[in-house]
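# Understanding the architecture of this molecule
Given next are the chains, with one letter for each unit.
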Amino acid sequence: MVEQLSPLAAVFRPGSHGNFVDGVGVTLSEMAPGSIVQLAAWPGEEKKLIAAITSLTGLKLADGAGAGAASERHTVFGFAPGKFLLTDTAEGLVSAAGVVTPAMGTITDLSHGRTAIRVAGPRSEWVLAKLFAVDFSLVAFPQGSGISTAHHDIFAQIQRSGPDRFDLYVFRSFARSFWKMLCHASDEVGYEVR
Amino acid sequence: MLITCPYCGPRDVSEFAYQGDGNRSRPDPSSTDLAAWNAYVYDRLNPAGAHNEIWQHAGGCRAHLAVVRDTLSHEISSVRFAREKGAPAHGRRKSGAKP
Ligand SMILES: [Zn+2]
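Now for a description of the structure that goes with this document. The model shown is predicted, which means the values in this text are computed figures rather than measured ones.

Residue and element names in this part refer to chain A. The strand order across the open sheet built from 7 strands is β1-β12-β2-β8-β11-β10-β9, with neighbouring strands paired in mixed fashion. Edge strands, defined here as strands with exactly one partner in the open sheet, are β1 (15-17) and β9 (146-151). Adjacent strand axes in the sheet meet at a mean angle of 25°, parallel and antiparallel pairs treated alike. Bridge count between strand β2 (residues 26-30) and strand β8 (residues 114-120): 4 bridges; the pairing is antiparallel. Looking at β8, one finds that Ser29 is bridged to Arg118. Taken strand by strand, helix α4 (residues 172-187) contacts β2, β8, β9, β10 (154-162), β11 (165-171) and β12 (191-193), and its axis lies near 140° from that of β11.

Here it is as structure tokens:
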């Protein structure tokens, strides 16, 4: 496979930044999964697609809007009716995804098209609430689930991967700009890049 | 203003794009009925009250939605996927109908 270069490299500065004297509020990192694919079911094929995702990843997906799950290797969540984002730490997921047949739906390789950014820590809800008009409370946004939203008309897909942890998928070409803005938003609470 | 998307839940109006009056029904593309086309293109009910509208959750799940919004108060009384056929809660009005 082609070696991927991070779009964040030019602005990625590991270490503590901002107002961290009283502790680090959030930790920012790039996840860099080997594969990111989007799966879409034809109308009426949603249940079969969910079964195919389970057979591919071993992850059980609840039947509901935005439902998601994660393991050491894979993450998956629904982000629109009949549509799912699926990641794998290994490369080549798109060819392994033959379990999704053309009669069932479509599979689109986004591995080089999205940048995955992890925001973790006690102030992650607070920081993300500055950027997105979305309720990030655990009640409205349960662990494992995902959403589609936008920041200044730029799409973002977000999965809650822990009580204080969110994984953001943004367009690769906007990722550096988004990262810089995320750093500015995190300044106030102190952040660590790692 | 919040619109409660049937998939995504309540979201800020900035995530939605207005797609126009939801009362129109397009004549058959092969129709040469000029009055019907004229009504489809130009006639609007412009009610002061409940209004059928089409919105797209453009900054979210991207579904097209049939919304009933009160043009006086912005109160939204119903939202459903536009692809789900059937009249909105308060009933569908004829295209081009004038009081
Ligand atoms: Zn939506």
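Residues and elements named next belong to chain A. By volume, the largest pocket amounts to about 480 Å³. Forming the boundary of the largest pocket are 23 residues, of which Glu46, Ala80, Pro81, Gly82 and Lys83 lie nearest the centre. Of all the elements in the fold, those that place two or more residues in the lining of the largest pocket are β3 (35-41), α1 (46-57), β5 (74-80) and β6 (83-88). Its residues assigned to classes, the lining of the largest pocket comprises 13 nonpolar, 4 polar and 6 charged.

Residues and elements named next belong to chain B. Summarising the metal site, the zinc ion is bound by the protein donors Cys5 (SG), Cys8 (SG), His57 (ND1) and Cys61 (SG), whose distances to it range over 2.0 to 2.5 Å. Around the zinc ion, the 4 donor atoms are arranged such that angles at the metal cover 103 to 121°; this shape is classified as tetrahedral. Site description for the zinc ion: donor spacing in sequence, C-x2-C-x48-H-x3-C. Here Cys61 lies in the loop between β4 (50-56) and β5 (64-70) and Cys8 lies in the loop between β1 (2-5) and β2 (9-12), a separation of 53 residues in the sequence. Each member of the pair, Cys8 together with Cys61, is buried.

The partner chain B presents 11 residues to the 13 residues of chain A that form the contact. Interface of chain A and chain B: buried area, both sides summed, is about 960 Å²; carbon and sulfur atoms make up 58% of it. In this assembly, chain A and chain B are joined by 0 salt bridges. Mapped onto the side of chain A that touches chain B, the elements with two or more residues apiece are β5 and β9 of chain A. Sort the elements by how many residues they give to the side of chain A that touches chain B and β9 of chain A lands first, with 4 residues. Here the side of chain A that touches chain B is built from residues that sort into 9 nonpolar, 4 polar and no charged.

Procedures and definitions
- Residues numbered from 1 in each chain as written.
- Chains lettered and ligands numbered in written order.
- Predicted model: local features only at pLDDT ≥ 70, side-chain atom pairs only at ≥ 80, totals over all residues.
- Heavy atoms only, no water.
- Pairing = 2+ DSSP bridges.
- Helix = DSSP H or I, 4+ residues; strand = E, 2+ residues; numbered from the N terminus.
- Axes fitted to C-alpha atoms, helices over the stretch in contact; angles between N-to-C directions.
- Contact = heavy atoms within 4.5 Å.
- 1 Å grid on protein atoms, 1.4 Å probe; cavity = no way out; pocket = protein on both sides within 12 Å on 5 of 7 lines; lining within 4 Å.
- Points joined across faces, edges and corners; volume = space filled by probe spheres on them.
- Nonpolar A, V, L, I, M, F, W, Y, C, P; charged D, E, K, R; others polar.
- Donors = N, O, S within 2.8 Å, 3.2 Å for Na, K, Ca; no water.
- Tetrahedral: all angles 85-135°; square planar, octahedral: opposite > 155°, others 65-115°.
- Buried < 20%, exposed > 50% of the residue type's maximum accessible area, 1.4 Å probe, protein only.
- Buried area = accessible area lost by both parts, 1.4 Å probe.
- Salt bridge = Lys/Arg side-chain N within 4 Å of Asp/Glu carboxyl O.

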